Amino acid sequence: TDVEVVERVSDKTWEPAVFNLGQALRRMGRYGEAAACFARCCSLDPGSHAGYSALGLARHLDGDLDGAIDSYHEALSRKPEDPFTSEMLQRALAEVVTYPPAMEGLLGGVGGAVPGGVRAGGIG
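Nothing here was measured: the structure is a model prediction, and the numbers come from that model.

Participant: I'm lost on the state of the cysteines in this one. Help?
Facilitator: Two cysteines joined by a covalent bond between their sulfur atoms form a disulfide. One pass over the full model with this rule turns up 0 disulfides. Sulfur of Cys37: no disulfide; nearest cysteine sulfur belongs to Cys41 and is 7.0 Å away. Owing to a relative accessible area of 0%, Cys37 belongs among the buried residues under this scheme. Among the cysteines around Cys41, which has no disulfide bond, Cys42 carries the closest sulfur, lying 6.8 Å off.

So, in C-alpha cells, the structure goes:
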C-alpha cells in the first residue's frame, strides 16, 4: 500500500512528495493513511510546522481529538503565528467533551450525545 512505501522513506528530499500524498489521501477521506504520511513528514523534517499542522487536521477529521490537539500544539511551537493551526486548535479544544468517555453512558447520552447537545467526536 501507499503507507507501507511511505514508512520506508528515509531521505528528507522525499518529504514534499510524502506531504502531497498525505494531502491527497486526506481529501479522499482516508484520514488514517493521511495521518501516517504526515507523521512520516514530521520524522523526516521535525522542524517543519506544516507537517504537524496537517497531522493535526488528519487526526481531527479522524476523530482523534487528543492526537489532533497534540499535533496542533507541536505545529504552533514551531510557528506560533499560524492562523489556520490556531483556529483548528481552538475548534478541537471546543469539541473535547468535559466528561470522561466512561461517563457518557451514565449521563443519558445516546449515540455519543451528552447533556446540553454537545456531541463527542470530530468536526462535521
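So, next bit.
Participant: Help me understand the confidence of the model for the chain, please; the structure alone is not making it clear to me.
Facilitator: Predicted coordinates in regions of low pLDDT should not be interpreted in detail. For the chain, the mean per-residue pLDDT works out to 84, and 77% of the residues sit at or above 70. Across residues 109-124 the pLDDT falls below 50, and counting only partners more than four positions away or on other chains, this stretch makes 28 contacts in the model.

Participant: Please explain the packing of helix H4 (residues 49-61) against helix H6 (residues 83-95) as it appears in this structure.
Facilitator: Two quantities define a packed helix pair, namely the angle between the helix axes and the distance between the axes. At a minimum axis distance of 11 Å, the contact between H4 and H6 shows a crossing angle of 30°. When the axes of H4 and H6 are compared, the pair comes out roughly parallel. The handedness of the crossing between H4 and H6 is left-handed. Counting all contacts with H4, which are made through Ser53, Leu57 and His60, the residues of H6 involved are Phe84, Thr85, Met88, Arg91, Ala92 and Glu95. Across the contact of H4 with H6, the residue classes break down as 4 nonpolar, 3 polar and 2 charged.

Participant: Would you explain the environment of Ala68 in this entry?
Facilitator: Among the secondary structure elements, Ala68 is positioned in helix H5 (residues 65-78). For Ala68, a relative accessible area of 0% puts it in the buried group. C-alpha of Ala68 to C-alpha of Gly56: the two residues are 12 residues apart in sequence and 4.0 Å apart in space. Discounting chain neighbours no more than four positions away, the residues touching Ala68 are Gly56, Arg59 and His60.

Participant: It is not clear to me how the nonpolar core should be interpreted in this structure. Could you clarify?
Facilitator: A general trend in soluble globular proteins is that nonpolar side chains are found buried together. Val18, Phe19, Ala34, Cys37, Phe38, Leu55 and Ala58 are the most contacted members of the largest nonpolar core, which has 17 residues in total. Breaking this core down by element, the ones donating at least two residues are helix H2 (15-27), helix H3 (31-44) and H4. Considering each element in turn, this core owes the most residues, 7 residues, to H3. With residues up to four places along the chain from it excluded, the contact list for Ala58 reads Tyr31, Ala34, Ala35 and Phe38. Residues Leu65, Tyr72, Met88 and Ala92 belong to the second largest nonpolar core, which totals 9 residues.

Scoring rules and cut-offs
- Residues numbered from 1 in each chain as written.
- Predicted model: local features only at pLDDT ≥ 70, side-chain atom pairs only at ≥ 80, totals over all residues.
- Heavy atoms only, no water.
- Disulfide = S-S within 2.5 Å.
- Buried < 20%, exposed > 50% of the residue type's maximum accessible area, 1.4 Å probe, protein only.
- pLDDT = per-residue confidence, 0-100.
- Contact = heavy atoms within 4.5 Å.
- Axes fitted to C-alpha atoms, helices over the stretch in contact; angles between N-to-C directions.
- Helix = DSSP H or I, 4+ residues; strand = E, 2+ residues; numbered from the N terminus.
- Parallel < 35°, antiparallel > 145°, perpendicular 65-115°, else oblique.
- Left-handed = near helix turned anticlockwise from the far one by under 90°.
- Nonpolar A, V, L, I, M, F, W, Y, C, P; charged D, E, K, R; others polar.
- Core = buried A, V, L, I, M, F, W, Y, C linked by side-chain atoms within 4.5 Å.

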